[in-house]
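Chains, contacts and geometry: an overview
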Amino acid sequence: MKGPPQEHHSQYMLDERACRMICPIAAAMVGVCLTAIGILRVVIAVRKANTLADDMLALDSVLFLIATLTSYFAIRHGPTKRLHELERIADVTFIAAMSLMTVAALVITYALAV
């Protein structure tokens, strides 16, 4: 049995708020990735050593872009079945991108320590 209409409506409000949080945060994280790539490239040029971290951050920026776009379109389309699919994609890509950024930070830390 489905719950009362008010509960169903509140579910959409929670989903919309999640997308409204993912969209700007993920967009800002694209900028963070690009800044980190630029700084890392300078360090690589000075030290004459290469690392996998800049490639990881480039992939990370693409994942954050996907999270940004899917959350944006989920907000624009309103409460439909497509909204939930886009929200799921936004959630998964955002968490994957944050995880990859953490791994990239570990790689950068190790690469700069050597």
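The paragraphs below set out a description of the structure included in this document. Only a predicted model underlies this, so the values are computations on that prediction, with no experimental measurement involved.

Scanning the protein chain from N- to C-terminus turns up three helices and zero strands. When the helices and strands of the protein chain are listed from N to C terminus, the series reads α-α-α. Sorting the 114 residues of the protein chain into buried and exposed places 33% on the buried side. Intrachain contacts of the protein chain at a sequence separation of at least 6 include 74% that bridge at least 24 residues. Surface exposure of the protein chain reaches about 7500 Å², of which carbon and sulfur atoms provide 70%.

This paragraph deals with the side chain of T93. Along the chain, T93 falls in helix α3 (residues 81–113). In this structure the side chain of T93 is engaged in a polar contact, spanning 2.8 Å, whose partner is the backbone oxygen of I89. Sequence-distant contacts of T93, defined by excluding residues within four places in its chain, comprise L63, I66 and A67.

Attention now moves to the packing of aromatic side chains. All chains considered together, the criterion is met by two aromatic pairs. When the ring of F64 is compared with that of F94, the centres are 5.9 Å apart and the planes differ by 70 degrees; the resulting orientation is edge-to-face. Here the residue F64 occupies a position in helix α2 (residues 53–77), and F94 occupies one in helix α3, the gap between them amounting to 30 residues. With relative accessibility at 14%, the residue F94 sits in the buried group.

This part covers the nonpolar core. I22, A26, L40, L57, F64 and F94 are the most contacted members of the largest nonpolar core, which has 21 residues in total. Within the residue set of this core, elements represented by two or more residues are α1 (5–47), α2 and α3. Top contributing element to this core by residue count: α1, with eight residues. Residues in contact with L57, not counting those within four places in the same chain, are C33, A36, I37, L40, A104 and I108.

How each quantity is defined
Residues numbered from 1 in each chain as written. Predicted model: local features only at pLDDT ≥ 70, side-chain atom pairs only at ≥ 80, totals over all residues. Heavy atoms only, no water. Helix = DSSP H or I, 4+ residues; strand = E, 2+ residues; numbered from the N terminus. Buried < 20%, exposed > 50% of the residue type's maximum accessible area, 1.4 Å probe, protein only. Contact = heavy atoms within 4.5 Å. Areas by Shrake-Rupley, 256 points an atom, 1.4 Å probe, with all protein chains shown as cover. Polar contact = N/O pair within 3.5 Å; in protein donor to acceptor, adjacent residues only side chain to side chain. Phe/Tyr/Trp six-rings, centres within 6.5 Å; stacked < 30°, edge-to-face > 60°. Core = buried A, V, L, I, M, F, W, Y, C linked by side-chain atoms within 4.5 Å.

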